[in-house]
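These are the residues of each chain, in order.
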Amino acid sequence: MSDTSIPFRTRMSAGIDRFGGVMLLPVVLAFIAFVLIGQPSTWATLTIAGLAMGMMIFLMASGLSLIFGLMDVLNFGHSAFVTAGAFIGATVLAWLGFWVTGGNPALNLAGLLLAIAAATIFGALAGWFFERVVIKPVYQDHLRQILITVGALIVAEELILLIWGGAPIPVPRPAVLTGSIVFAGVSVEIYRIFAFLLGLVVYVAMYLVLNRTRLGLLIRAGVENREMVEALGFRIDRLFILVFMAGSALAAMGGAMWAGYQGLITAALGSEMMILVFIVVIIGGLGSIQGSLLGALLVGLMANYVAFLVPKMALASNMLLMMAILLWRPYGLLPAVKR
Amino acid sequence: MSAILRLEGVHTNIAQYQVLHGVSLDVPEGGVHVILGRNGAGKTTTLRTIMGLWKARLGTIQFRGQDIAQLGTPDIARLGIAFVPENMGIFGGLTVEENMRLATHDGSFDTERLARIHAIFPAIKQFWAKPAHALSGGQKQMLAVSRAIIEKRDLILIDEPTKGLAPSIIRNMIVAFREIAEETTILLVEQNFHFAKALGQTVAVIDDGRIVHRGSMTELVEDAGLQSRFLSLSLEAH
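What comes next is a walk through the structure.

Rules behind the numbers
- Residues numbered from 1 in each chain as written.
- Chains lettered and ligands numbered in written order.
- Predicted model: local features only at pLDDT ≥ 70, side-chain atom pairs only at ≥ 80, totals over all residues.
- Helix = DSSP H or I, 4+ residues; strand = E, 2+ residues; numbered from the N terminus.
- Rg over C-alpha atoms; globule rule 2.2 N^0.38 Å.
- Buried ≥ 20, exposed ≤ 12 C-beta atoms within 10 Å, placed from the backbone.
- Contact = placed C-beta atoms within 7 Å.
- Nonpolar A, V, L, I, M, F, W, Y, C, P; charged D, E, K, R; others polar.
- Pairing = 2+ DSSP bridges.
- Axes fitted to C-alpha atoms, helices over the stretch in contact; angles between N-to-C directions.
- Left-handed = near helix turned anticlockwise from the far one by under 90°.
- Core = buried A, V, L, I, M, F, W, Y, C linked by C-beta atoms within 7 Å.

Once that is clear, we can look at the overall build of chain B. Secondary structure assignment for chain B yields 10 helices and 10 strands. A compact globule built from 238 residues should have a C-alpha radius of gyration of about 18 Å, and chain B, at 17 Å, falls within 12% of that. Considered along the principal axes of its C-alpha atoms, chain B spans approximately 45 × 40 × 35 Å. Expressed as a percentage of the 238 residues in chain B, the buried residues total 45%.

A tally of helices and strands in chain A yields 14 helices and four strands. Taken over C-alpha atoms, the radius of gyration comes to 21 Å for chain A, in line with the 20 Å a tight globule of 339 residues would show. Principal-axis analysis of the C-alpha atoms places the extent of chain A at approximately 70 × 55 × 35 Å. Expressed as a percentage of the 339 residues in chain A, the buried residues total 51%. Within chain A, counting contacts between residues at least 6 apart in sequence, those at least 24 apart form 79% of the total.

Before going further, it helps to examine the interface of chain B and chain A. Think of interface size as the accessible area that goes away when the parts come together; that is how it is often given. Facing 19 residues of chain B, the contacting portion of chain A comprises 17 residues. It is helix 2 (residues 73–78) of chain B that provides the largest number of residues to the side of chain B that touches chain A, a total of four residues. A breakdown of the residues in the side of chain B that touches chain A according to their chemical character gives 10 nonpolar, six polar and three charged.

Once that is clear, we can look at the pairing of strand 2 (residues 180–183) of chain A. Residue and element names in this part refer to chain A. The pairing of strand 2 with strand 3 (residues 186–189) spans four bridges and is antiparallel. Looking at strand 3, one finds that isoleucine 181 is bridged to valine 188. Hairpin connection from strand 2 to strand 3: two residues lie between these consecutive antiparallel strands, with alanine 184 at a positive phi of about 55 degrees.

Once that is clear, we can look at the sheet that holds strand 10 (residues 210–216) of chain B. Residues and elements named next belong to chain B. Ordered by their spatial adjacency, six strands build an open sheet running 6-7-8-3-9-10, and the pairing between neighbours is mixed. Single-partner strands in this sheet number two, and they are strand 6 (81–84) and strand 10. Across this sheet, the average inter-strand angle for adjacent strands is 15 degrees, counted without regard to direction. Relative to strand 8 (residues 185–190), strand 7 (residues 155–159) runs parallel, the two being bridged by five bridges. Across the sheet, the residue bridging to isoleucine 158 is leucine 188, located in strand 8. Against the sheet, helix 1 (residues 43–50) touches strand 3 (31–36), strand 7, strand 8 and strand 9 (202–207), its axis set at about 145 degrees to strand 7. Helix 6 (residues 137–149) rests against strand 6 and strand 7 of the sheet, and its axis sits at about 175 degrees to strand 6.

Now for the pairing of strand 10 of chain B. Residues and elements named next belong to chain B. Where strand 9 meets strand 10, six bridges bridge the pair, whose relative direction is antiparallel. Directly across from isoleucine 206, in strand 10, lies its bridge partner isoleucine 211. Joining the antiparallel neighbours strand 9 and strand 10 is a turn of two residues, in which aspartate 208 adopts a positive phi near 50 degrees.

The next thing to look at is the sheet that holds strand 1 (residues 3–14) of chain B. Across a sheet, strands are paired by hydrogen bonds formed along the backbone, either parallel or antiparallel in direction. Residues and elements named next belong to chain B. Here four strands make up an open sheet; going across it, the order is 2-1-4-5 and the pairing antiparallel. One side of each edge strand has no neighbouring strand; the edge strands of this open sheet are strand 2 (17–28) and strand 5 (66–67). Of the pairings in the sheet, the one linking strand 1 to strand 4 (residues 56–63) comprises six bridges and is antiparallel in character. Opposite arginine 6, over in strand 4, you have glutamine 62 as the bridge partner.

How two helices sit against one another is set out by the angle between their axes and by the gap between those axes. Residues and elements named next belong to chain A. Contact pair helix 4 (residues 78–96) / helix 6 (residues 105–135): the axes reach a minimum separation of 8 Å and the direction vectors enclose 145 degrees. Regarding helix 4 and helix 6, the two cross each other, and that crossing is right-handed. Seen from helix 4, the contacting residues are Phe81, Ala84, Gly85, Ile88, Gly89, Val92, Leu93 and Leu96; seen from helix 6, they are Gly111, Leu114, Ala115, Ile116, Ala118, Ala119, Phe122, Gly123, Ala126 and Gly127.

Residues and elements named next belong to chain A. Along the chain, alanine 316 turns up in helix 14 (residues 314–328). Judged by C-beta crowding, with 11 C-beta atoms within 10 Å, alanine 316 ranks as exposed. For the pair alanine 316 and alanine 303, spaced 13 residues apart in sequence, the C-alpha to C-alpha distance is 9.2 Å.

Of all hydrophobic cores here, the largest spans 188 residues; its most connected members are A:Ile57 and B:Leu157. Sorting elements by how many residues they give to this core places helix 3 (residues 40–71) of chain A first, with 19 residues. Once residues lying within four places of it in the same chain are set aside, the contact partners of B:Leu157 are B:Leu47, B:Ile50, B:Met51, B:Ile81, B:Phe83, B:Val84 and B:Leu187.

The structure is reproduced here in C-alpha cells:
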C-alpha cells in the first residue's frame with residue numbers, strides 16, 4: 001500500500017505515536033506557553049506550579065477514574081473524601097503544633113506524613129462504609145447512583161460544617177516546606193516540589209501494582225469486562241470494595257495535600273475541585289491511571305498558564321481543553337478499554 | 001453415559017421477558033454436545049443461566065449432582081466450568097499472555113499444557129506478548145478457547161464460536177475442538193449446522209425457550225425429516 005492511500009489522519013496519528021504519542025501533549029502545551037509568556041523564569045515558575053497542581057489533582061482523580069471504570073459507578077460523592085481528607089489533615093497538623101512549625105526538619109516531615117496518613121486511612125475506612133451502605137444497593141442503576149451519591153455528599157458536607165464550622169480554617173504548613181528555593185533565577189515553592197514528588201511516588205506505586213501484580217491484572221481486566229472476570233472464577237464484589245477504598249483514600253490524600261497548598265480551607269473545597277477532577281477523568285479516559293496522570297498534568301499546566309496570560313479564562317480554558325480532546329478522542333486520551 | 005450436567009424445568013427471565021420456559025437437558029460426560037436453534041430461541045440464555053450470569057427463576061441445574069442454580073458465577077467457575085461467550089470476552093487492553101494468566105488459579109502456567117495449546121493454536125504463541133485488541137477475530141476466538149483450557153476443566157460452555165469466522169479458520173476450529181474434547185466435555189451452542197454436525201455427539205434443538213428435540217447427532221444428520229421439522233429455520237441460513 002502506498003503512503004498516499006493511508007488516510008491523512010491515520011498517518012498523522014502514527015507520526016505522533018512514533019514521537020511519544022499523546023504523552024507529548026504536556027510538552028507541546030508547555031512549549032506554546034513558553035512562546036506566549038516570553039519570560040523563561042516566569043514560565044518555569046508557572047510550569048512547576050502547574051505540575052504540582054496536576055499531581056495533586058491526579059491523586060484526587062485517579063481513584064475516581066478506577067471507580068468509574070471498574071465499578072461503572074457514578075460517584076458524585078467523591079468530593080466528600082477530598083474535603084474530609086483536607087480537614088483531617090489540617091486538624092492533625094494543628095494538633096501536632098510544634099512538630100510541624102518547629103525548627104526540626106525531621107519532625108516537620110514526620111508531622112506532615114502523619115497528617116497525610118491520617119487523612120488517607122480515614123478515606124479508606126470511610127470509603128469502605130460508603131461502598132457498603134450507599135453504593136452497594138444501587139449497582140447497575142445510574143440514576144439512583146447520582147441521586148444517592150449527591151445526597152450523601154450533602155450529608156457529608158453538613159457533617160463537616162457541624163464538626164469544623166463554616167469559617168475558613170488555616171492550615172499550618174510544615175516549616176521545612178515553607179518558602180522557596182531559587183535555582184537558575186527561577187523561584188520555586190518547596191511545597192510544590194514536595195507535592196509533585198509525592199504524586200510521582202503514588203503514580204509509580206499504582207503503576208507497579210496495576211502492571212506487576214495479579215491484583216492489578218484483575219483490576220485492569222475488571223475495568224474492561226466485569227462479567228468475564230467473574231466467569232473466570234474471581235469475586236468482583238471484593239475487588240469493588242478494595243478499589244473503592246483505594247480511590248477514596250487517594251481522594252483524601254489529595255485533599256490533605258491540597259489543604260497544605262491552599263493554606264486556608266472551607267467545606268466547599270472538595271466540590272470546587274470536583275470540576276477539575278471530572279475534567280481529568282473524562283479527558284484521561286475512564287479507568288486509566290496513565291490517562292488520569294496525563295489529564296491532570298494538562299489541566300494543572302493549562303490552569304496556571306491561562307491564569308497568568310488571561311486570568312478570566314482560567315476555568316473556561318480547561319472546559320475548552322476537554323471539549324477539544326473529546327472531539328478528537330471521544331473516549332479520552334488513554335482509555336483503559338481498547339475498542 | 002452419565003450426565004455431567006442436568007437441567008430440569010429451567011425458567012429464566014431477562015427483565016420482564018421470560019426467555020426460557022422450562023428447559024430440561026442432560027449433557028453426557030465427555031465429547032461435544034450441541035444446542036442448536038435459530039436466533040432468539042434461548043441458546044445463549046441457556047448457557048448464561050448455567051453459568052449463573054442470569055439466574056434461573058425456577059428449576060434445577062445440577063453439575064455432577066450438585067445444584068448450582070443459585071450459586072454465584074465465580075463459585076460455578078471454580079467447580080470446573082469454563083465459559084467462552086459469544087463476544088469471546090477477551091480483555092483487549094491486556095496482552096495475550098495476561099489474558100491466559102488470568103485464567104490460571106495461581107497465575108502460573110503448566111508448561112506442558114501450554115505447549116500443547118501452542119501446538120493447537122500457533123497464533124497464541126506468535127502473539128504471546130501482543131495486546132489482545134490487536135488480534136484478528138479468528139485469533140481472538142482461539143485466545144478465548146485457549147483461555148478456557150489453560151487449566152483442566154470438567155465442562156466448557158462455548159457460545160457460537162464460528163460466528164463471523166472464515167471457513168478455513170472454522171476447519172481449524174473443528175480439529176482443535178476434537179482434540180480438546182478428548183479430555184473434557186464441551187457444551188456448544190451453534191447456528192452453523194455443518195460445524196455442529198462435524199463435532200457433536202448429541203444434539204438438543206431449542207425453540208422459543210423450550211427443548212423441542214433431543215437425540216444423537218447421527219440421528220439428526222441422517223434424518224432429513226427431523227432436520228426439516230426442527231431446523232428448517234436455522235438451516236436455511238447456512
